[in-house]
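Structural description and commentary
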Amino acid sequence: MSLRPAISLLSSLVLLGLASCGARVSQCGQLINTISEGQSFGAEYEQSINTALAQFSSAQNLTDIKAAASDYTAAVQKASNQSSALSQDLASLEFEDEQLTEYQQRYTAVATQWSTALTTAQEAMQVLATVESEEAFRAEFGRFQAKTESAYSAIQAISAEESQLVEGINAYCESETP
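Residues numbered from 1 in each chain as written. Predicted model: local features only at pLDDT ≥ 70, side-chain atom pairs only at ≥ 80, totals over all residues. Heavy atoms only, no water.

Description of the overall build of the protein chain
Heads up, the rule is: Per the convention used, a helix needs a DSSP run of H or I reaching at least four residues, while a strand needs a run of E reaching at least two, with both numbered from the N terminus. Residue burial is assigned from relative accessible area. The probe radius is 1.4 Å, only protein chains are included, and a residue is buried under 20% of its type maximum, exposed over 50%, and partly exposed in between. Note on contacts: a residue pair is in contact if any heavy atoms of the two residues lie within 4.5 Å. Throughout, the Shrake-Rupley method with a 1.4 Å probe supplies accessible areas, and for residues the shown protein chains are the sole cover considered.
What the protein chain contains, in helices and strands, is 5 helices and 0 strands. Going from N to C terminus, the protein chain has its helices and strands arranged as α-α-α-α-α. Burial status across the protein chain gives 32% buried among its 178 residues. For the protein chain, the proportion of contacts with a sequence separation of at least 24, taken over those separated by at least 6, is 80%. On the protein chain, roughly 10700 Å² of surface is accessible, and the fraction owed to carbon and sulfur atoms is 54%.

Listed below in structure tokens is the structure:
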């Protein structure tokens, strides 16, 4: 009996295993890189929001409040647009790995939820950015507060979901290939 066919079969199996491992690693890298690139705006967004909140804290009059609200809405609009773009980038990816496809779909949904929640936050602040008088400010404050609370609750839930999803993606991508 010759060992040549057995060695050839074993070599083919090893190469097949390496190829499938390489595909999974490559696909994991593609998903993680897309998510990372899409989230790169986070630090800039946080800085813009903190600046706007500092402006609110030091506001002396309605003009100051409107200026801070305008800066805030611009920052949130930009973040919403970037979340929407991330969702589109993720949706355009194609994976052979079923688990990665599921993660991709779930993260696409999370990015879309981020965009929606940020749009709600922007709409809430827009109420303050467009008031014409202190009386109008007082009259609109309840609407502003309700929209803000809704956006904040949504953002908290989305953030928790995103954290769990990222943990799952990392665990899957760091695990041994089946």
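Picking up where we left off.
Structural notes on the nonpolar core
The condition is simple: Here, nonpolar core refers to any group of buried Ala, Val, Leu, Ile, Met, Phe, Trp, Tyr and Cys residues whose side-chain atoms link them within 4.5 Å.
Of all hydrophobic cores here, the largest spans 40 residues; its most connected members are Leu31, Tyr72, Leu90, Leu100, Tyr103, Tyr107 and Ile169. Residue assignment for this core shows that the elements contributing at least two residues are helix 1 (4-38), helix 2 (42-57), helix 3 (62-91), helix 4 (98-129) and helix 5 (134-174). For this core, the element with the most residues is helix 4, which contributes 14 residues. Discounting chain neighbours no more than four positions away, the residues touching Tyr107 are Ile35, Gln39, Leu86, Leu90, Glu162, Leu165, Val166 and Ile169.

Thoughts on the state of the cysteines
The test is simple: The rule for a disulfide is simple: a pair of cysteine sulfur atoms within 2.5 Å.
If you walk through the whole model with that rule in mind, you get 1 disulfide. Across a sulfur-sulfur distance of 2.2 Å, Cys28 and Cys173 are joined as a disulfide pair. Measuring the twist about the S-S bond at about -90°, one finds the Cys28-Cys173 disulfide to be left-handed. Within this pair, whereas Cys28 is found in helix 1, its partner Cys173 is found in helix 5, the two being separated by 145 residues in sequence. No difference in accessibility class separates Cys28 from Cys173, as the two residues are buried.

Considerations on the packing of aromatic side chains
Note the following rule: Paired rings are identified among Phe, Tyr and Trp, the last through its six-membered ring, by centres lying within 6.5 Å, and are further divided according to the angle between planes into stacked (under 30 degrees), edge-to-face (over 60) and tilted (the rest). Look at NZ for Lys and CZ for Arg. If either is within 6 Å of the ring centre and within 35 degrees of the ring normal, a charge sits over the ring.
One pass over the full model with this rule turns up 3 aromatic pairs. Ring plane angle 45° and centroid distance 5.5 Å describe the contact between Phe141 and Phe144, whose orientation is recorded as tilted. Separated by 3 residues within a single helix, Phe141 and Phe144 lie in helix 5, roughly one turn from each other. Of the residues examined, Phe141 reaches a relative accessible area of 33% and is grouped as partly exposed. Phe144 gets classed as buried once you look at its relative accessible area, which sits at 12%. Site record: aromatic cluster; members linked through ring pairs are Phe137, Phe141 and Phe144. The residue whose ring lies beneath Arg24 is Tyr172, and the NZ or CZ to ring-centre distance is 3.8 Å.

By themselves these figures say nothing about function.
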